[in-house]
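One-letter residues, chain by chain:
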Amino acid sequence: MENHTKDSTMKVSSLNCIDLANDDLHHSVVSLKQACLDCGFFYVINHGINEEFMEDVFEQSKKFFALPLEEKMKVLRNEKHRGYTPVLDEKLDPKNQVNGDHKEGYYIGIEVPKDDPHWDKPFYGPNPWPDADVLPGWRETMEKYHQEALRVSKAIARLLALALDLDVEYFDRTEMLGKPIATMRLLRYQGISDPSKGIYACGAHSDFGMMTLLATDGVMGLQICKDKNATPQKWEYVPPIKGAFIVNLGDMLERWSNGFFKSTLHRVLGNGQERYSIPFFVEPNHDCLVECLPTCKSESELPKYPPIKCSTYLAQRYKDTHAELSIYHKET
Ligand code: OGA
Ligand code: NI
């Protein structure tokens, strides 16, 4: 268990801020690259998603979590990782956590109808949706947000490609973000975390995929640890900026870039206040072979990781962190 000494000075992180409306592309790429080498976390502003619409999305998210548990259990997470995840369903840091994360979630992926030839692949398929009579307009709001967040992700991916000395459209191709796995997750955190007792709103982890766009309701809670090998670990709060996404790189991109770009350890501490957030997890296509990018290897810098298929990698990471679905069906 973490040896936690209460620190009276709350350390706050300062992160680079990427302005997607800035015409000075060179400046954006330099700033982004610096952030990716340093800690893999940055803010993104002027992304074109309207603030009023964001408020709608959070309102709808609150309405879902406010439903009685039995209503939420009707859309329980399925084998495609879509749907509702109850409190403690996920345990991201088993070494330091006594129970799972003190959060509830709802995964929504790209809607792939059953007549699509690829619908039966893991992470594809139709989404379960709460009853439209119970939550009118809910599905439409979430689908629109998914589309918008994917558009922003692709704009960021173009800057990432330039920062990696790749062609600007490198990640746009079909086997990458042209037909991606992209999953948004509504989250509600409750309760008070106590690291000295192994209680966390969300345990320390780095994200699995390529990158994550995080929208929050403005309540503090997210912390990052820039050096995972330091002892003791130093945690810094990432303050939310109104209207900005907090973007972080995932392990798949660290692997893809041969360790050049960093995915960084982060966690959430609850302070007793309810907190809502919406991460949007971006991964390339199912069949994308994640192998050292052409610009990240040389005669002196050989690939450090064997190639792996995106969906194989992802499936393993989900399996390691989520409860077996069968536990919810016992005694029913
Ligand atoms: C995550 C995550 C942070 C937050 O879901 O992977 O790190 O603030 N969430 O909700
Ligand atoms: Ni995360």
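What counts and how
- Residues numbered from 1 in each chain as written.
- Chains lettered and ligands numbered in written order.
- Predicted model: local features only at pLDDT ≥ 70, side-chain atom pairs only at ≥ 80, totals over all residues.
- Heavy atoms only, no water.
- UniProt positions renumbered as here; feature names shortened; annotations may be inferred.
- Pairing = 2+ DSSP bridges.
- Helix = DSSP H or I, 4+ residues; strand = E, 2+ residues; numbered from the N terminus.
- Salt bridge = Lys/Arg side-chain N within 4 Å of Asp/Glu carboxyl O.
- Buried < 20%, exposed > 50% of the residue type's maximum accessible area, 1.4 Å probe, protein only.
- Contact = heavy atoms within 4.5 Å.
- pLDDT = per-residue confidence, 0-100.
- Near = heavy atom within 4 Å.
- Polar contact = N/O pair within 3.5 Å; in protein donor to acceptor, adjacent residues only side chain to side chain.
- Areas by Shrake-Rupley, 256 points an atom, 1.4 Å probe, with all protein chains shown as cover.
- 1 Å grid on protein atoms, 1.4 Å probe; cavity = no way out; pocket = protein on both sides within 12 Å on 5 of 7 lines; lining within 4 Å.
- Sits in = over half its atoms within 2 Å of the grid points.
- Nonpolar A, V, L, I, M, F, W, Y, C, P; charged D, E, K, R; others polar.

- For the chain, the name recorded in an unreviewed UniProt entry is Fe2OG dioxygenase domain-containing protein, with Arabidopsis arenosa as its organism.
- Note on the chain: under the UniProt heading Sequence similarities (unreviewed entry), the record states "Belongs to the iron/ascorbate-dependent oxidoreductase family."

1. Re the sheet that holds strand β11 (residues 265-268)
Okay, so step 1: The four strands are arranged β6-β11-β8-β9 in an open sheet whose pairing can be described as antiparallel. Every interior strand has two partners, whereas the edge strands, β6 (202-205) and β9 (236-237), have only one.
Okay, so step 2: Of the strand pairs in this sheet, strand β8 (residues 222-225) and β9 are connected by two bridges, and their pairing is antiparallel. Each bridged residue has a counterpart across the sheet, and for Gln223 the counterpart in β9 is Tyr237.

2. Observations concerning the pattern of salt bridges
Okay, so step 1: Using the criterion set out here, one finds 20 salt bridges in the structure.
Okay, so step 2: For Lys103, the salt bridge is made with Glu90, and the minimal N-O distance between the two is 3.0 Å. Here the residue Lys103 occupies a position in strand β4 (residues 103-108), and Glu90 occupies one in the loop between β3 (83-85) and β4, the gap between them amounting to 13 residues.
Okay, so step 3: Taking the relative accessible area as the measure of exposure, Lys103 reaches 6% and is therefore buried.
Okay, so step 4: Arg139 serves as the salt-bridge partner of Glu111, at 3.7 Å between the closest nitrogen and oxygen. Of the two residues, Glu111 sits in the loop between β4 and α4 (138-163) while Arg139 sits in helix α4, which places them 28 residues apart along the sequence.
Okay, so step 5: On the basis of relative accessible area, Glu111 is assigned to the partly exposed category, the value being 29%.
Okay, so step 6: Since its relative accessible area comes to 33%, Arg139 is described here as partly exposed.

3. Quick word on the environment of Arg185
Okay, so step 1: Looking at the secondary structure, you find Arg185 in strand β5 (residues 181-189).
Okay, so step 2: Of the residues examined, Arg185 reaches a relative accessible area of 4% and is grouped as buried.
Okay, so step 3: Counting along the chain gives 55 residues from Arg185 to Pro240, while the straight-line C-alpha distance between them is 18 Å.
Okay, so step 4: Among residues more than four places away in sequence, those in contact with Arg185 are Thr85, Glu90, Lys103, Gly105, Tyr106, Tyr107, Ser277, Ile278, Pro279, Phe281 and His322.

4. Topic: the confidence of the model for the chain
Okay, so step 1: Chain-level pLDDT for the chain is 92 on average; 96% of the residues reach the 70-or-more range.
Okay, so step 2: The model gives residues 1-8 a pLDDT under 50, and that stretch makes 13 contacts with residues more than four places away or in other chains.

5. Digging into the site of ligand 1
Okay, so step 1: Surrounding ligand 1, one finds Leu187, Tyr189, His205, Asp207, Leu214, Leu222, His266, Val268, Arg275, Ser277, Pro279 and Phe281.
Okay, so step 2: Interatomic distance of 3.0 Å between a side-chain N/O atom of His205 and an oxygen atom of ligand 1.
Okay, so step 3: Within the side chain of His266, a nitrogen or oxygen atom sits 3.0 Å from an oxygen atom of ligand 1.
Okay, so step 4: For ligand 1, the protein covers 96% of the area, taking 290 Å² as the surface of the free molecule.
Okay, so step 5: Comparing atom positions with the cavity grids shows ligand 1 to sit within the largest cavity.
Okay, so step 6: The leading source of residues in the shell around ligand 1 is strand β12 (residues 275-283), at four residues.
Okay, so step 7: Its residues assigned to classes, the shell around ligand 1 comprises seven nonpolar, three polar and two charged.

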